[in-house]
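Structural features, examined
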Amino acid sequence: MADPKIAVVFYSTYGTNHQIAQAAADAARAAGAEVRLLRVAETAPKSVVDGQDAWKTQLAAMQDIPEVSPADLEWADGMFFSAPTRFGVSASQLRAFIDTLGGLWSKGALANKAVTATTSAQNPHGGQEATILSLYTTFMHWGAIIVAPGYADPIKFEDGGNPYGYSTSAGKFDETGKKSVAFQMNRLIEVTRKLTA
Ligand SMILES: Cc1cc2nc3c(=O)[nH]c(=O)nc-3n(C[C@H](O)[C@H](O)[C@H](O)COP(=O)(O)O)c2cc1C
């Protein structure tokens, strides 16, 4: 059986979702997948980014990571998304990319692919679950197969217990988080393998 092709697509302003995505990509490679780690393009004006040292530094730290294009999602058998919570939904940078996918959607190229999502937010009750669910609404429009972690592994009783997808408070991605993301990625790969068998 060919190695599953996994796209790890993320947006990050301050680094948390970059760390999550990197851990997801590492776990996918360890599981034998062919992996593309891809960042969503920054859409905020340069003057705004340059006005915050932390934002500017994070953008510079991601320069070697290719920007995602629709062709990457056409290539992928399975997709892992990570983006910050913004006012209870995902960052508009990710939404802007998603809004370029009409062409793929209209030819059914996103249907039947396995997909999962993760996020971070400043506050534990600041919208982590809602952000992931809002992405899942979009994935249902694609006809993708949503792979939520549920409580299907003991790590979900240690990581804060978001059954929709791993989530954490901003800047707090730790070893437990890594294990949870690895579990979520392995589950995505398991379903991807079944769908592509
Ligand atoms: C415009 C804006 C809106 C935000 N909205 C929320 C929110 O609704 N709830 C929350 O807990 N955190 C909110 N945050 C905090 C972000 O979720 C936090 O900065 C992010 O999780 C950090 O991820 P990153 O390090 O990958 O950029 C917001 C931040 C910004 C800049």
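As the structure is a computational prediction, the values presented were derived from the model and not from experiment.

Contacts to the ligand come from 18 residues, most closely from Ser12, Tyr14, Thr16, Ala121 and Gly126. The element that contributes the greatest number of residues to the shell around the ligand is strand β3 (residues 78–86), accounting for three residues. Class assignment for the residues of the shell around the ligand results in five nonpolar, twelve polar and one charged.

Here we come to unusual backbone geometry. The phi torsion at phenylalanine 87 lies on the positive side, around 50°, for a residue other than glycine. With respect to the helices and strands, the residue phenylalanine 87 is situated in the loop between β3 and β4 (89–90). Of the residues examined, phenylalanine 87 has 10 C-beta atoms within 10 Å and is grouped as exposed. Despite not being glycine, asparagine 112 shows a phi value in the positive range, around 70°. Tracing the chain through its elements places asparagine 112 in the loop between α6 (102–106) and β5 (114–121).

It is worth spelling out the confidence of the model for the chain at this point. For the chain, mean pLDDT is 98; residues scoring 70 or higher make up 99% of the total. When mean pLDDT is taken per element in the chain, strand β1 (residues 5–10) scores highest with 99 and helix α2 (residues 46–50) scores lowest with 97.

What follows deals with the packing of helix α1 (residues 16–30) against helix α8 (residues 175–196). Following both chains from N to C, one finds α1 and α8 inclined at 50°, their axes separated by 9 Å at the closest point. Compared by their axis directions, α1 and α8 come out oblique. For the pair α1 and α8, the sense of crossing is right-handed. Residues Ile20, Ala23, Ala24, Ala27 and Ala28 of α1 form the contact with α8, whose participating residues are Lys178, Val181, Ala182, Met185, Asn186 and Ile189. A breakdown of the residues in the contact of α1 with α8 according to their chemical character gives nine nonpolar, one polar and one charged.

To continue, consider the environment of aspartate 72. Summarising the element assignment, aspartate 72 is placed in helix α4 (residues 70–75). Sequence separation between aspartate 72 and lysine 5 is 67 residues, and the spatial gap between their C-alpha atoms is 9.9 Å. The contact partners of aspartate 72, leaving out residues within four places of it in the chain, are Ala7, Arg36 and Leu38.

Rules of the game
Residues numbered from 1 in each chain as written. Predicted model: local features only at pLDDT ≥ 70, side-chain atom pairs only at ≥ 80, totals over all residues. Near = placed C-beta within 6 Å. Helix = DSSP H or I, 4+ residues; strand = E, 2+ residues; numbered from the N terminus. Nonpolar A, V, L, I, M, F, W, Y, C, P; charged D, E, K, R; others polar. Buried ≥ 20, exposed ≤ 12 C-beta atoms within 10 Å, placed from the backbone. pLDDT = per-residue confidence, 0-100. Axes fitted to C-alpha atoms, helices over the stretch in contact; angles between N-to-C directions. Parallel < 35°, antiparallel > 145°, perpendicular 65-115°, else oblique. Left-handed = near helix turned anticlockwise from the far one by under 90°. Contact = placed C-beta atoms within 7 Å.

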